[in-house]
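Close look at the chain arrangement
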Amino acid sequence: MEDQAAAADEAPDDTSLQDSSSSSSSSSARPAAAAAADAVALTAAAAAESEADADARPISHDVGEGSMSLNMACAVITAVITAVVEAPLEQFRHNSQAGNIHGNFVREMWRVLRTSGPRSLYFGFVPYCLESWPYDVSELLVVGAAADARGAPGLAGIKPAVFDMTVGALAGTVAVLVSMPFDVVKTYMQTHGTGMAAEGLRESVGAFWATGSRLVAKGGPGALFVGLAPRLAHQVPGAMITNRAGFSVQYYPNYKIIVNEVAKETYLMYQCGCYNRTRAFPASLVPADTGFGKAKVFEGPLQSISADDTSVGEFMNQCAVIDRVMYVTEYGVNGCYQRLGACGYTAPDPGWGNDADKITQQVDAYITYGATKNTKSIAMSAVAASTPLARSEWLKYFGAFFNKEYEAETLFRAIRNNYNALKRDAQGTRPNPPLLVAWVYLGFSGDYVVSKPPYKVAYVEDAGGAVVSDDLLRASGFTTKDGQSWSIPQAYPEDWAAFLNQVDVIIDESYTFATACYVRLDDFLAGHKLTGAAVKAVTNRQVYTIAGMASQTLESGTVGLDWYERGTARADEVLRDFVRVLNPANAHSTMNNWNRRWLLRLNGETQKRQAPVCDNKTANLNSKCQRETFAFAICPNVIRNCTDGRMMVPGPAKRCEFVQQQKQAIRQLTNQGKRCNVPGKRLF
């Protein structure tokens, strides 16, 4: 999951769907040369009129089957991963709730593991899968179908938040109704021990069927829906509360519209090979400014980018498209980013004069934090998201620019499931009372600051800790303008010390030049004027900073911090750091062999430095800092065959056949210099 394999490495295969605007009456693919001849024979005017009409229709009218198959594959993969992690926890949790286990069920799991081996944890694996898979698959299919229909004329005017909540409620309801009989049987088997000793898939499924049959024989079909109302009340509200990160994507036959609602920018990305310099993208299809800016038009997938935002590095890494980075921020921590920077490929701000303009002209897009007037700039606003998972969800936004939706959706669901599984488990093992945490830093205006943005509060509470309350801050003399940053003047260090002495854990974010944050306790104490003061967290060695992982020292003498890079994309891993600190008794499976990456204890621990190491293929560089190859292929999930207008829906296992088969035909229909991908090189 850490490093997704490039889609170009997968074997070719595709599924084609007949488009209603196509003149072809056969569903089988014609030879490329014949298709090209037919297409070239069309007059330019007729081709433009026909394709413009087809392009204006939302993609859901053309590719429902293809989207359905991709949604199904994504749901099944995610359900399998979730089952492996959660099945043991579910079995022991239900027995604990039923009174069959007394005391901490995590300790009971450890006892069973020691006495009966790992296999004993999975006695209920098949029953769990028979319940969870219908739930996960049906939920994702409803969400996927709704996403496909989002661009339909009757739905276009619905506000995104209302649409998402409605879809969430519908998806949660359908998932509960579909999976309810399976859940009743599974819970009965887990709490009564019925059929749990069955070995093998056939025997386990047989035991599951026999248990369900007995329940129906005893109580009728309604016995399989006992507890439906409480389960709906529990699941549906949670499904309605989406991790809405602040972006949306709408799909059409050969282009997509991506909206960044935070930066208020809109991007239209059309599929490579469908237009060229003699036949530009139809201006009539570019959406008007609806409050999110006039659409900037790009050809996709992006071949080359410049990125001056640190968070982009890990999103590029997770989507396996680092080979498309031409220029990078000097503060990047990723090994490939550091190597690019060392070779001189440093990204300027898009508004910094002639040099920036020259670099911008060399790349397809310039990715930065906020909105700019530069027609090639794309805003990446993940750090503005209010919850940990919403920050990670920007993987889906980022992936859309590279036709990596399938990979990004699969990865995000895995991150979300890992995060939620650890969060649920952490609530059962949290200390009583929970450790009290204060996020602090030295303000640039001569004040001490306590920071409480929602995502920081969430990390602490989800790990089993507690954040200092507003009442405690007011009682300690702090003031605030926004409820998230609380401050007192540094002229009163005794008040600062008295406040900090009431908390159990301090997480300091104060900036220092050489190491970006404090890495020595003495420096922290001196900077905060706490030397010799009585501070509980200092005595108990519970002072941390976010400087655990950094880049090598830059020419300027400072470093970049991975907290702002991988720490943005991987909420599930960040939560593990907090569980290690705030919930040390937790023994969830995701914590096995986990060493803190970001939270650095200021007492004997040293800052880790990421080496500037990256293989030539991934960095797209040779040993002399020269670019020898072009970006490797990314084949789209859904595209229009530009030779005859048919919709092509490559399957997830074999994604590149379209480009390979139609290479010569596309060459005849596009001008020299336009780029469509084949493995290992550009088409032209």
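So, here is what we can say about the structure in this document. (Residues numbered from 1 in each chain as written. Predicted model: local features only at pLDDT ≥ 70, side-chain atom pairs only at ≥ 80, totals over all residues. Heavy atoms only, no water.)

**Remarks on the pattern of salt bridges**
Following the criterion strictly, the structure yields 18 salt bridges and no others. Among the salt bridges present, the one from E573 reaches R566, with a minimum N-O distance of 2.8 Å. In this structure, D572 engages R570 in a salt bridge whose closest nitrogen and oxygen atoms are separated by 2.9 Å. The class of D572 is buried, set by a relative accessible area of 2%. Salt bridges linked by common partners bring E314, R566, R570, D572 and E573 together as one network. (Salt bridge = Lys/Arg side-chain N within 4 Å of Asp/Glu carboxyl O. Buried < 20%, exposed > 50% of the residue type's maximum accessible area, 1.4 Å probe, protein only.)

**So, the packing of helix α14 (residues 405–429) against helix α15 (residues 454–462)**
Packed helices, taken two at a time, are described by the angle their axes make and the gap between the axes. Across the interface, α14 lies against α15 with an axial gap of 9 Å and an inter-helix angle of 55°. Put simply, α14 runs oblique to α15. The segment α14 lies against α15, with Y419, K423, A426 and Q427 engaging A458, Y459, E461 and D462. Residues of the contact of α14 with α15, tallied by class, amount to four nonpolar, one polar and three charged. (Axes fitted to C-alpha atoms, helices over the stretch in contact; angles between N-to-C directions. Helix = DSSP H or I, 4+ residues; strand = E, 2+ residues; numbered from the N terminus. Parallel < 35°, antiparallel > 145°, perpendicular 65-115°, else oblique. Contact = heavy atoms within 4.5 Å. Nonpolar A, V, L, I, M, F, W, Y, C, P; charged D, E, K, R; others polar.)

**Notes on the environment of E131**
Looking at the secondary structure, you find E131 in helix α5 (residues 125–149). Accessibility expressed as a relative area gives 7% for E131, which makes it buried. Through-space distance from the C-alpha of E131 to that of V176 is 10.0 Å; in sequence the pair is 45 residues apart.

**Regarding the state of the cysteines**
A disulfide bridge is the covalent bond that connects two cysteines by way of their sulfur atoms. Following the criterion strictly, the structure yields two disulfides and no others. Residue pairing for C336: its cysteine sulfur links by disulfide to C614, the two sulfurs lying 1.8 Å apart. Here C336 and C614 share a disulfide; its torsion about the S-S bond, 65°, makes the bridge right-handed. In this pair, C336 is assigned in helix α10 (residues 335–342) and C614 in the loop between β21 (608–609) and α22 (616–619), connecting sequence segments 278 residues apart. The pair C336 / C614 is uniform in exposure class, with both members buried. (Disulfide = S-S within 2.5 Å.)

**Thoughts on the sheet that holds strand β2 (residues 247–252)**
Sheet architecture is open: four strands sit in the order β2-β3-β4-β5, paired in mixed fashion. Each edge of the open sheet carries a strand with a single partner, namely β2 and β5 (296–300). Going from strand to strand, the sheet's axes swing by 20° on average, the running direction of each strand aside. (Pairing = 2+ DSSP bridges.)

**Re the packing of aromatic side chains**
Applying the stated criterion across every chain yields a total of 20 aromatic pairs. Seen in terms of ring centroids, W496 and F499 are 6.0 Å apart; in terms of plane orientation they differ by 25°. Their pairing is stacked. Of this pair, W496 and F499 both sit in helix α17 (residues 493–500), separated by three residues, roughly a single helical turn. Taken as a pair, W496 and F499 share a single burial class, namely buried. Within the aromatic cluster, the residues linked to one another by ring pairs are F247, Y267, F298, W394, Y397 and F401. Taking NZ or CZ as reference, R391 lies 3.9 Å from the ring centre of Y455, over its face. (Phe/Tyr/Trp six-rings, centres within 6.5 Å; stacked < 30°, edge-to-face > 60°. Lys NZ or Arg CZ within 6 Å of the ring centre and 35° of its normal.)

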